[in-house]
Every structure is written in C-alpha cells, then in structure tokens.
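# Residue-level structure breakdown
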Amino acid sequence: MAEKTLMELAKEVRGNAHAPYSGFKVGAALRSASGRVHLGVNVENAAYPEGTCAEAGAIAAMIAAGDTEIAEIAVVGDAPAPVTPCGGCRQKIAEFAPKGTTVTMGTTDGAELVATIEELIPYAFAKAQMEGG
C-alpha cells in the first residue's frame, strides 16, 4: 500500500479541527528533516482570536517530538481556492524551513497551489536581524 501524501494526511486530520465559531476547518501536515510526519488542526476559542492555526499546531507537534526543521508542509481547507497560510504562519514556517522548502496549499476538492516558503514570505524576519550593533 502506498504511503499517504502530506495533502492526504492534512485532509484527514482536518476533520479533527475545532472550529465552532467560523466553521472553517483547516488541516496541516508537515514532514520534518528526520522524515517524521507531524499533524495540526486549527483550534478556535471563544476569546477570538486566541485560537491557533493548523500550521502552528503541526509545528508545535514537530518541536514537541524533538524535530527542528521542516522539509515540506501541506495545508488544506474547504474553500474555492487553495488555502494559504496566514502571515503569522508564514513567519512560523520560515523560522523552521530552509530556503526552497515546498509549501503545498490545497482545497478539499483537490485544487493545489505549490510555492516555496521564500515565495510566500520573501522578507521573513530572522534571528540574524536581531544580531549586531
């Protein structure tokens, strides 16, 4: 049996999202440099906007598992066009993804958009900017 793609895993885990306020469930799956897969979903909260995004959840799961580098990531939602990470998640992904890391964005109907992290956030804030004078 073939291994599931990150997009397939993101679609599956999306069903576990907690989105009682917006109804907009998002799933994310990332593969770390170690080859392990980590999943996340959006989790809304009555104290909006204190919830978390699916990408942030997958990154937290990766860090909790002891991995520190994203090799590739997929995010999916039920929308007419591929769901893209919000600005904050783009920054979070850039923190752990080397240049050239693929971000696959999709819909539950199968539409996909693929970009590198630097295409999504070309001027990401980085640790190097905090070093110096």
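Every value quoted in this text rests on a predicted model; they were computed, and no experiment measured them.

So, about the sheet that holds strand β5 (residues 112-116). Overall, mixed pairing links the 5 strands, which are arranged β2-β1-β3-β4-β5 in an open sheet. The strands lining the two open edges of the sheet, one partner per strand, are β2 (37-41) and β5. Along the sheet, successive strands turn relative to each other by an average axial angle of 15°, direction set aside. Strand direction decides the pairing type here: strand β1 (residues 26-32) and strand β3 (residues 70-77), joined by 7 bridges, are antiparallel. Bridge pairing in β3 links L30 to I73.

This part is about the packing of helix α2 (residues 54-64) against helix α3 (residues 87-96). Their axes nearest at 9 Å, the elements α2 and α3 cross at an angle of 25°. Relative to α3, the element α2 is oriented roughly parallel. Here α2 runs over α3; the crossing is left-handed. On α3, the residues touching E55, A56, I59, M62 and I63 of α2 are C89, K92, I93 and F96. Grouping the amino acids of the contact of α2 with α3 by side-chain chemistry returns 7 nonpolar, no polar and 2 charged.

This part is about the pairing of β1. With 7 of its 7 residues buried, β1 lies for the most part within the structure. Across the two faces of β1 the burial is the same, with V26, A28, L30 and S32 and G27, A29 and R31 all buried. Relative to β2, β1 runs antiparallel, the two sharing 5 bridges. Across the sheet, the residue bridging to G27 is V41, located in β2.

Here we take up the environment of T107. Considering the arrangement of structural elements, one finds T107 in strand β4 (residues 102-107). A relative accessible area of 2% places T107 in the buried class. Put simply, T107 and G77 are 30 residues apart on the chain and 5.2 Å apart in space, counted from C-alpha to C-alpha. Excluding residues that lie within four positions of it along the chain, T107 makes contacts with K11, V76, G77, A79, P80, A81 and P82.

Turning our eyes to something else, we now look at the state of the cysteines. Applying the stated criterion across every chain yields a total of 0 disulfides. With no disulfide of its own, C86 lies closest to C89 among cysteine sulfurs, the gap being 3.8 Å. Residue C86 is classed as partly exposed on the basis of its relative accessible area of 36%. Exposure remark for C89: the relative accessible area of 1% places this residue in the buried category.

Mapped onto the secondary structure, E69 falls in the loop between α2 and β3. When its relative accessible area of 37% is taken as the criterion, E69 is described as partly exposed. Separated by 37 residues in the primary sequence, E69 and S32 place their C-alpha atoms 5.5 Å from one another. Not counting chain neighbours up to four residues away, the residues in contact with E69 comprise R31, S32, A33, M62, F96 and P98.

Cut-offs and rules
- Just so you know, the residues in each chain are numbered from 1, in the order the chain's sequence is written.
- Thresholds applied to this predicted model are a pLDDT of at least 70 for local features of residues and 80 or more for the giving and counting of side-chain atom pairs; totals over whole chains, interfaces and linings are not thresholded and use all residues.
- In computing side-chain values, all of the structure's heavy atoms are included and hydrogens and water are not.
- A pair of strands is labelled paired if DSSP reports no fewer than 2 bridges between them.
- Strands here are runs of E lasting at least two residues and helices are runs of H or I lasting at least four, both read from the DSSP assignment and numbered beginning at the N terminus.
- Axis definition: a line fitted to C-alpha atoms, over the contacting stretch in the case of helices. Angles run 0 to 180 degrees between N-to-C directions.
- If an angle is under 35 degrees, it is roughly parallel; if it is over 145, roughly antiparallel; if it lies from 65 to 115, roughly perpendicular; otherwise it is oblique.
- We call a crossing left-handed when the near helix sits turned anticlockwise from the far one by less than a right angle, and right-handed when that turn is clockwise.
- Throughout, a residue-residue contact means that at least one pair of heavy atoms, one from each residue, lies within 4.5 Å.
- Gly is put with the polar residues, along with every residue not named as nonpolar or charged; the nonpolar set is Ala, Val, Leu, Ile, Met, Phe, Trp, Tyr, Cys and Pro, and the charged set is Asp, Glu, Lys and Arg.
- For every residue, the accessible area obtained with a 1.4 Å probe (protein chains only) is divided by the maximum for its type, and the residue is called buried under 20%, exposed over 50%, and partly exposed between those limits.
- Criterion for a disulfide: a pair of cysteine sulfur atoms within 2.5 Å.

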